[in-house]
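Chain by chain, the residues:
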Amino acid sequence: SKVIPKAEMAEEDGVGRLNMGGLIKIKVTDITSAREELFDLYERDTVGVLKRRIESRGMGLAVDQRLAFAGRILNDDEHTLAEDGVVGMCRIILSMRRREAPATD
């Protein structure tokens, strides 16, 4: 079975309900293609969760994604969106890391 990182796990709020933080809508813009997509996420979702959701919509492999918000790169996949200051209706910029072609002799 898959191990879920602690940052992605829901917590009980003391009365038996799961608390995932507030639901937020995020706009992701791919700067290469100008494609824009809206994502419904929870404040407690991690940057890694967002990258996997972006990948699931065919916008590039999660390992190659570079996400920027408020002038800085979101490079810690374990940080929650809230920890990085991402709130509802924010725009996150997506760029893809270029992979170098294998050297040929």
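I will try to describe carefully the structure that is included in this document. Counting starts from 1 at the beginning of each chain's written sequence and moves along it residue by residue. Since the coordinates come from a predicted model, pLDDT governs what is reported: local features require at least 70, and pairs of side-chain atoms require 80 or more to be given and counted, while whole-chain, interface and lining totals use all residues. Only heavy atoms go into the side-chain values, all of them from the structure, while hydrogens and water stay out.

**Some remarks on unusual backbone geometry**
Here comes step 1: Located in the positive-phi region is alanine 34, a residue other than glycine, with phi close to 65°.
Here comes step 2: Helix and strand assignments follow DSSP, with helices taken as H or I runs no shorter than four residues and strands as E runs no shorter than two, numbered in order from the N terminus. Structurally, alanine 34 is set in the loop between β3 (23-30) and β4 (36-42).
Here comes step 3: Judged by relative accessible area, alanine 34 falls into the exposed class, the value being 57%.
Here comes step 4: Positioned with a positive phi, alanine 70 is a non-glycine residue whose angle comes to about 55°.
Here comes step 5: Following the sequence through the fold, alanine 70 ends up in the loop between β5 (65-69) and β6 (72-73). Each residue's exposure class comes from its accessible area (1.4 Å probe, protein chains only) as a fraction of the maximum for that residue type: buried when under 20%, exposed when over 50%, partly exposed otherwise.

**Quick notes on the sheet that holds strand β7 (residues 90-96)**
Here comes step 1: We treat two strands as partners when DSSP finds at least two bridges between them. Pairing in this open sheet of 5 strands is mixed, and the strands run β4-β3-β7-β5-β6 from one edge to the other. Looking at which strands have only one partner, the edges of the open sheet turn out to be β4 and β6.
Here comes step 2: By the bridge criterion, 4 bridges tie β5 to β7 in an arrangement that is antiparallel. Directly across from leucine 67, in β7, lies its bridge partner leucine 94.
Here comes step 3: Contact definition: two residues touch when any of their heavy atoms are within 4.5 Å. Axes here mean lines fitted to C-alpha atoms, for a helix over just the part in contact, with angles spanning 0 to 180 degrees between N-to-C directions. Across the sheet, helix α1 (residues 47-56) lies against β3, β4, β5 and β7, angled at about 120° from β5, the strand it touches most.

**Focus on the pattern of salt bridges**
Opposite charge on two side chains allows them to pair when their charged atoms are near.
Here comes step 1: Salt bridge criterion: a side-chain nitrogen from Lys or Arg within 4 Å of a carboxyl oxygen from Asp or Glu. According to the stated counting rule, one finds 7 salt bridges in the structure shown.
Here comes step 2: In this structure, arginine 91 engages glutamate 36 in a salt bridge whose closest nitrogen and oxygen atoms are separated by 2.4 Å. With arginine 91 in strand β7 and glutamate 36 in strand β4, this pair connects stretches of sequence that are 55 residues apart.
Here comes step 3: The exposure class assigned to glutamate 36 is partly exposed, which follows from its relative accessible area of 39%.
Here comes step 4: Notably, a salt bridge pairs glutamate 37 with arginine 57, separated by 2.9 Å at the nearest N-O pair. Of the two residues, glutamate 37 sits in strand β4 while arginine 57 sits in the loop between α1 and β5, which places them 20 residues apart along the sequence.
Here comes step 5: Note on arginine 57: relative accessible area 30%, which makes it partly exposed.
Here comes step 6: Members of the salt-bridge network, linked through shared partners, are Lys27, Glu36 and Arg91.

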